[in-house]
Amino acid sequence: MPDCDVLVIGAGPAGLAAATRAAETGASVAMVDDNPHPGGQIWRAAAGKAPQDAARWIHSAEQHQVEWIAGARVFAAPAPNRIAVEKFDGELELGYRSLILATGARERFLPFPGWTLPNVMGAGGLQALAKSGLPVEGKKIVIAGSGPLLLAVAKYMKEHAADVRLIAEQATQSALLAFGLRLAAHPGKLIQAVGLRAALLGIPYLTSCWPVAAEGKDKLEAVTLSRGERTWTERCDYLACGFGLVPNTEIAALLGCRLSDGSVAVDEQQQTSITNVYSAGEATGIGGLELALVEGEIAGFAAAGASARARTLFAARDRYRKFAEALEHAFAPREELKALPREETLVCRCEDVTLGRVRSCTGWREAKLHTRCGMGPCQGRVCGAAVEFLLGWKSESVRPPVFPTRIESLTRTEPPA
Amino acid sequence: MGKSYDVAIAGGGIVGAACAEECAAAGLSVVVVEPGPVGGGATAAGMGHIVVMDDSPAQIALTNYSRTLWMARAHEFPADVEYVSAGTLWVAADAEEMAEVERKRAVYEAIGVRAEVLGPRELAEAEPNLRPSLAGALRVPDDAVVYPPCAARYMLQRALERGAVVRAGESAAQLSGAGIKLRDGSFVPAGIVVNATGAWAPSLTPGIEVRKRKGHLVITDRYPGFVHHQLVELGYLKSAHSMTADSVAFNVQPRKTGQLLIGSSRQFGAEHGEIDANMLTRMLRRAQEYMPALAALTAIRSWTGFRAATPDKLPLIGPCPQDPRLYLATGHEGLGITTSLATAKLVADQLLHRTPAIPVEPYLPGRKQAEHD
Ligand SMILES: Cc1cc2nc3c(=O)[nH]c(=O)nc-3n(C[C@H](O)[C@H](O)[C@H](O)COP(=O)(O)OP(=O)(O)OC[C@H]3O[C@@H](n4cnc5c(N)ncnc54)[C@H](O)[C@@H]3O)c2cc1C
Ligand SMILES: Cc1cc2nc3c(=O)[nH]c(=O)nc-3n(C[C@H](O)[C@H](O)[C@H](O)COP(=O)(O)OP(=O)(O)OC[C@H]3O[C@@H](n4cnc5c(N)ncnc54)[C@H](O)[C@@H]3O)c2cc1C
């Protein structure tokens, strides 16, 4: 017996929208997320402090009796139509008729000399830490990398009285101008972007600019930046880096869903290559909040069997997909970034493997076997995307547990006969 | 037709790599054909326990000889081979198994393998994370642990330094005593051909009695000092010995990195490499029975591998009866890391007509195999 009709993994915008829409049709719905609060990367905040549209979705999910399973990480799929979930105090198995993967994305890190120093962190990571209490007031922060996330993080830091020194965007000015023109077709986005710019008044926003080295003794003290012919050093307490996002596809891969170009492949109903498994949001490709929401709604309806209602949202999704394409195009990481790490720069920080050692191998599997690159606790979730960018190698298969999991969780359930 | 080699080896696992090194060191010209990364087959999946095992007199002779070869070379390995002389503890659960410990000690002593009996208190002191009230253990201090893929890579590297050639990314399609026909149709002529393709060997030499025996392993995050020896339940031998049922046994290994490698399972008839949730659960439960504190440790990955099993549990080392220039070096089941070095010696001894350090007859492919169980 399934425990629910529709099970949603991930409670970010896509998951919340999916769970709500599925529940509206009368389906029984459960939603799991490995965080204590719903909201995902963008809306996550201490309870009760979620932004307005987040609160609306969370509220309507509650109203429609979506069962919310917090702090629960999916790590295996022990039998058809069942997943295993680890909580801080135990393990449980959930059965479903339809599954929606709304597992979002993570930041892409690109190695450069010094990137492993304490206080060099992900842009989204620093924001998440700040949201959960890290004091940033008066701290000197340099934000570097690519994409709109840098602006969002800068705005947040500024609002919390941080001293944001500058934003280093690797994309060219002309790529951004072209992107800005396409934004004009999306009034909502334009306003958001302008609003961001306004809030940022006073923060230098430098295009074609990137970090070439982070320096410091025991922790970060300064970053050397490069822009065209010029290199200079900025003192700072934090360097927040984000070179775009990478879809989280582990669970999809574990279930055997087809992946394409690093994201979960879906059809127009957001259905994966497996009939009762759907996917929505950034797991299916990086596209921002609005696209995640509308994909979630479509997946929610479709998974609950209301495909006609899903269809009414296709036009909206098409619009946001165009935007996503423009975004991807404008902020694609430049070739020059491949020259940032030196031979002795660490690529795999779990296992301390340098670029030189990885490069001496013929492919990802050999690098893994002979250098231990990607064999540590992150299992290539950090270095995999970097190696793919630097050397063009795709990382290999996933196996349970797809995330580090306590041994007792792997043994608590009765093995199937 | 290309250059003719003295020896052409199909397979760049630890067995093929060791054979290449040994033959090249003897001055023979050697080529190795390997489609994937060096040590990417069972060698990448194995635990890397260098262990003396006493399932049969021929097994103890081979494992003991090979372990001696490992010990003699311990100092020369680069750090990434991770050779650690951790020693083995054969753990006895009760009085009956303690009797087995005594018997085992006598066998080891008779062939000069150091071994000492630990009582319950000494065992608890040696490995505080084992469950209390175990009966004792046999400690075999000179057993060791290595990281097999890098050991294979090192051996092949040494062969290359002595002039061997690797045809990387190429695959053997057909073997005969005259040479290796590659997938792309080309032919590599040789005086002697060695089939060292592990569990794949029957596809190149049809009719040999080698079956795939699947095993699962789990690796944890780093917990330095949690375990000191390779810990194996005495029942392991029963598990490895039985040729019929699926089985699991408690087998935990400390890695140089501080990680723990947890095994082991044995399954026939499973052809695919995916994780079997049922076997994994059984195996980890068994491990927790012996070591309850494992429950709270974090596992970061699991995988499977295939052992190349023969009916009498001894490898096939030497010429095929029907083609004396076609050698086999396969069928090492769960001991191919340990016995790789001895296998290489015995292969080179036979093709160079040197006197081997131990009798080769029990391992010859033409032997009559008495199936146990
Ligand atoms: C670090 C980061 C920071 C960001 N900050 C901003 C910002 O400030 N402003 C902005 O406009 N956009 C931001 N974005 C982009 C924004 O998150 C997306 O555009 C969009 O909202 C994604 O929605 P989603 O529902 O697809 O994924 P997410 O919001 O990422 O939600 C996915 C959820 O699934 C959970 N999950 C994943 N795997 C499992 C599992 N195995 N078991 C249980 N739960 C799981 C995750 O923890 C997460 O809560 C950020 C993205 C990232 C990665
Ligand atoms: C779970 C598990 C745990 C183990 N633990 C231990 C242990 O603790 N101690 C121990 O001593 N042993 C252990 N073993 C056994 C050990 O791993 C193997 O016996 C050993 O690795 C065999 O080495 P090999 O070179 O014969 O085979 P492999 O490493 O499998 O090498 C065979 C090679 O042949 C290649 N090949 C395949 N087809 C072709 C072709 N057509 N042409 C050319 N090449 C080809 C493959 O790519 C492969 O690289 C374990 C095994 C398993 C599965």
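Only a predicted model underlies this, so the values are computations on that prediction, with no experimental measurement involved.

1. What about the overall build of chain B?
Turning to step 1, where the next piece is worked out: Each helix and strand in chain B was counted, giving 10 helices and 18 strands.
Turning to step 2, where the next piece is worked out: Relative to the compact-globule value of 21 Å for 373 residues, chain B shows a C-alpha radius of gyration of 20 Å, a close match.
Turning to step 3, where the next piece is worked out: Seen along its three principal axes, the alpha-carbon backbone of chain B occupies a region of about 65 × 40 × 40 Å.
Turning to step 4, where the next piece is worked out: Classification of the 373 residues of chain B by burial places 62% in the buried group.
Turning to step 5, where the next piece is worked out: In chain B, of all internal contacts separated by at least 6 residues, the share reaching a separation of at least 24 is 74%.
Turning to step 6, where the next piece is worked out: By element, 54% of the accessible surface of chain B is carried by carbon and sulfur atoms, the whole surface being about 13,500 Å².
Turning to step 7, where the next piece is worked out: Between the centroid of the 36 positive side chains of chain B and the centroid of its 39 negative side chains there is a distance of 3 Å.

2. Brief notes about the overall build of chain A
Turning to step 1, where the next piece is worked out: Looking only at helices and strands, chain A features 15 helices and 22 strands.
Turning to step 2, where the next piece is worked out: Oriented by its inertia axes, the alpha-carbon framework of chain A measures out at about 65 × 50 × 35 Å.
Turning to step 3, where the next piece is worked out: Each of the 417 residues in chain A was classed as buried or not, and the buried ones make up 54%.
Turning to step 4, where the next piece is worked out: Put simply, of all contacts in chain A between residues at least 6 apart along the chain, 64% involve residues at least 24 apart.
Turning to step 5, where the next piece is worked out: Summed over its atoms, the accessible surface of chain A is roughly 17,700 Å², and 53% of this surface lies on carbon and sulfur atoms.
Turning to step 6, where the next piece is worked out: Charged side chains in chain A number 45 positive and 45 negative. The centres of these two groups are separated by 3 Å.

3. Things to note about the site of ligand 2
Residue and element names in this part refer to chain B.
Turning to step 1, where the next piece is worked out: The environment of ligand 2 is made up of 33 residues, and the closest members are Glu34, Ala42, Thr43, Ala172 and Thr338.
Turning to step 2, where the next piece is worked out: At 3.1 Å, a backbone N or O of Ile14 approaches an oxygen atom of ligand 2.
Turning to step 3, where the next piece is worked out: Taking Thr338, its main chain carries an N or O atom lying 2.7 Å from an oxygen atom of ligand 2.
Turning to step 4, where the next piece is worked out: When ligand 2 sits alone it has 1,000 Å² of accessible area, and the protein chains cover 94% of it.
Turning to step 5, where the next piece is worked out: When residues of the shell around ligand 2 are traced back to their parent elements, those giving at least two are helix 1 (14–25), strand 2 (30–34), helix 2 (42–45), strand 16 (298–309) and helix 10 (336–352).
Turning to step 6, where the next piece is worked out: Its residues assigned to classes, the shell around ligand 2 comprises 14 nonpolar, 16 polar and three charged.
Turning to step 7, where the next piece is worked out: Summarising the domain contributions, the shell around ligand 2 has at least three residues from each of domain 1 (5–46 + 148–210 + 313–363) and domain 2 (84–142 + 212–308).

4. Some points on helix 5 (residues 148–159) of chain A
All names here are of chain A.
Turning to step 1, where the next piece is worked out: Under the 1.5 Å per step criterion, the end-to-end length of helix 5 is 17 Å for 12 residues, consistent within 8% with the ideal 16 Å.
Turning to step 2, where the next piece is worked out: Every buried residue of helix 5 is listed here: Leu150, Leu151, Val153, Ala154, Tyr156 and Met157.
Turning to step 3, where the next piece is worked out: Following helix 5 by one or two positions, Ala161 has its phi on the positive side, about 65 degrees.

5. Comments concerning the side chain of Thr43(B)
All names here are of chain B.
Turning to step 1, where the next piece is worked out: Within the secondary structure, Thr43 sits in helix 2.
Turning to step 2, where the next piece is worked out: On the basis of relative accessibility, which here comes to 7%, the residue Thr43 falls in the buried class.
Turning to step 3, where the next piece is worked out: Here Ile14 takes part through its backbone nitrogen, which lies 3.0 Å from a polar atom of the side chain of Thr43.
Turning to step 4, where the next piece is worked out: Setting aside residues no more than four positions away along its own chain, Thr43 makes contact with Gly13, Ile14, Pro148, Pro149, Ala152 and Ile337.

6. Observations regarding the domain arrangement of chain A
Turning to step 1, where the next piece is worked out: Taken domain by domain, chain A consists of domain 1 (4–106 + 246–327) and domain 2 (109–241).
Turning to step 2, where the next piece is worked out: Placing a centre on the C-alpha atoms of domain 1 of chain A and another on those of domain 2 of chain A gives a separation of 29 Å.

7. Points about the domain arrangement of chain B
Residues and elements named next belong to chain B.
Turning to step 1, where the next piece is worked out: By domain assignment, chain B separates into domain 1 (5–46 + 148–210 + 313–363) and domain 2 (84–142 + 212–308).
Turning to step 2, where the next piece is worked out: Just the C-alpha atoms count here: the centres of domain 1 and domain 2 sit 29 Å apart.
Turning to step 3, where the next piece is worked out: Contact with domain 1, which involves 13 residues of that partner, is made by 13 residues of domain 2.
Turning to step 4, where the next piece is worked out: For the pair domain 1 and domain 2, the summed buried surface comes to about 980 Å²; carbon and sulfur atoms form 59% of the total.
Turning to step 5, where the next piece is worked out: Of all residues in domain 1, Ala45, Lys313 and Glu333 bury the most surface against domain 2, accounting for 55% of the area lost on that side.
Turning to step 6, where the next piece is worked out: Viewed at the interface, domain 2 and domain 1 are joined by two salt bridges.
Turning to step 7, where the next piece is worked out: A salt bridge links Arg213 to Glu333; the shortest N-O distance between them is 2.8 Å.
Turning to step 8, where the next piece is worked out: Among the residues forming the side of domain 1 that touches domain 2, the class breakdown is five nonpolar, six polar and two charged.

8. Some details on the nonpolar core
A general tendency of soluble globular proteins is for nonpolar side chains to be buried together.
Turning to step 1, where the next piece is worked out: In terms of nonpolar packing, the biggest core is built from 49 residues, with Ile9(B), Val30(B), Trp70(B) and Val194(B) touching the most fellow members.
Turning to step 2, where the next piece is worked out: The set of elements that each furnish at least two residues to this core consists of strand 1 (5–10), helix 1, strand 2, helix 3 (57–73), helix 6 (148–161), strand 11 (187–195), strand 18 (323–330) and helix 10 of chain B.
Turning to step 3, where the next piece is worked out: Of all the elements, helix 1 of chain B adds the most residues to this core, at eight residues.
Turning to step 4, where the next piece is worked out: Counting 38 residues, the second largest nonpolar core, distinct from the first, contains Ala17(A), Trp57(A), Ile58(A) and Ala316(A).

9. Brief notes about the packing of aromatic side chains
All names here are of chain B.
Turning to step 1, where the next piece is worked out: Applying the stated criterion across every chain, the model contains six aromatic pairs over all chains.
Turning to step 2, where the next piece is worked out: Ring centres 5.6 Å apart and planes at 50 degrees place the aromatic pair Trp70 and Phe77 in the tilted group.
Turning to step 3, where the next piece is worked out: With a centroid separation of 4.7 Å and 0 degrees between ring planes, the pair formed by Phe250 and Tyr290 is classed as stacked. Of this pair, Phe250 sits in strand 14 (residues 247–254) while Tyr290 sits in helix 9 (residues 277–290), and the two are 40 residues apart along the sequence. Both residues of the pair, Phe250 and Tyr290, belong to the buried class.
Turning to step 4, where the next piece is worked out: Within the aromatic cluster, the residues linked to one another by ring pairs are Trp70, Phe77, Tyr83 and Tyr154.
Turning to step 5, where the next piece is worked out: The aromatic ring of Tyr290 is capped on one face by Arg131, whose charged end is 5.2 Å from the ring centroid.

10. A look at the sheet that holds strand 14 (residues 230–235) of chain A
Residue and element names in this part refer to chain A.
Turning to step 1, where the next piece is worked out: Taken together, three strands build an open sheet; the order of strands is 12-13-14 and the sheet is antiparallel. Looking at strand neighbours, the two that pair on one side only are strand 12 (209–215) and strand 14, the edges of this open sheet. Neighbouring strand axes in the sheet, compared pairwise and without regard to direction, differ in orientation by 25 degrees on average.
Turning to step 2, where the next piece is worked out: With six bridges connecting them, strand 12 and strand 13 (residues 222–227) associate as antiparallel partners.

11. Remarks on the interface of chain B and chain A
Turning to step 1, where the next piece is worked out: Residue-level contacts link 35 residues of chain B with 31 residues of chain A.
Turning to step 2, where the next piece is worked out: Where chain B abuts chain A, roughly 2,700 Å² becomes buried across the two surfaces, and 54% of that area is made up of carbon and sulfur atoms.
Turning to step 3, where the next piece is worked out: Here Arg222(B) and Glu351(A) are joined by a salt bridge, their closest N and O atoms 2.7 Å apart.
Turning to step 4, where the next piece is worked out: At the junction of chain B and chain A, the tally comes to 14 residue pairs in polar contact (both at pLDDT 80 or more).
Turning to step 5, where the next piece is worked out: Contributions of two or more residues to the side of chain B that touches chain A are made by helix 6, strand 12 (211–222), strand 15 (259–268), helix 9 and strand 16 of chain B.
Turning to step 6, where the next piece is worked out: Residues that form the side of chain B that touches chain A fall into these classes: 17 nonpolar, 11 polar and seven charged.
Turning to step 7, where the next piece is worked out: Bridging between strand 22 (residues 405–406) of chain A and strand 16 of chain B involves two bridges; their strand directions are antiparallel. Residue Arg406(A) lies in a different strand from strand 16 of chain B, and its bridge partner there is Thr298(B).

Cut-off values and rules
- Residues numbered from 1 in each chain as written.
- Chains lettered and ligands numbered in written order.
- Predicted model: local features only at pLDDT ≥ 70, side-chain atom pairs only at ≥ 80, totals over all residues.
- Heavy atoms only, no water.
- Helix = DSSP H or I, 4+ residues; strand = E, 2+ residues; numbered from the N terminus.
- Rg over C-alpha atoms; globule rule 2.2 N^0.38 Å.
- Buried < 20%, exposed > 50% of the residue type's maximum accessible area, 1.4 Å probe, protein only.
- Contact = heavy atoms within 4.5 Å.
- Areas by Shrake-Rupley, 256 points an atom, 1.4 Å probe, with all protein chains shown as cover.
- Lys, Arg positive; Asp, Glu negative; His and termini not counted.
- Charge placed at Lys NZ, Arg CZ, Asp CG, Glu CD.
- Near = heavy atom within 4 Å.
- Polar contact = N/O pair within 3.5 Å; in protein donor to acceptor, adjacent residues only side chain to side chain.
- Nonpolar A, V, L, I, M, F, W, Y, C, P; charged D, E, K, R; others polar.
- Domains from an automatic or database assignment.
- Expected span 1.5 Å × (residues − 1).
- Buried area = accessible area lost by both parts, 1.4 Å probe.
- Salt bridge = Lys/Arg side-chain N within 4 Å of Asp/Glu carboxyl O.
- Core = buried A, V, L, I, M, F, W, Y, C linked by side-chain atoms within 4.5 Å.
- Phe/Tyr/Trp six-rings, centres within 6.5 Å; stacked < 30°, edge-to-face > 60°.
- Lys NZ or Arg CZ within 6 Å of the ring centre and 35° of its normal.
- Pairing = 2+ DSSP bridges.
- Axes fitted to C-alpha atoms, helices over the stretch in contact; angles between N-to-C directions.

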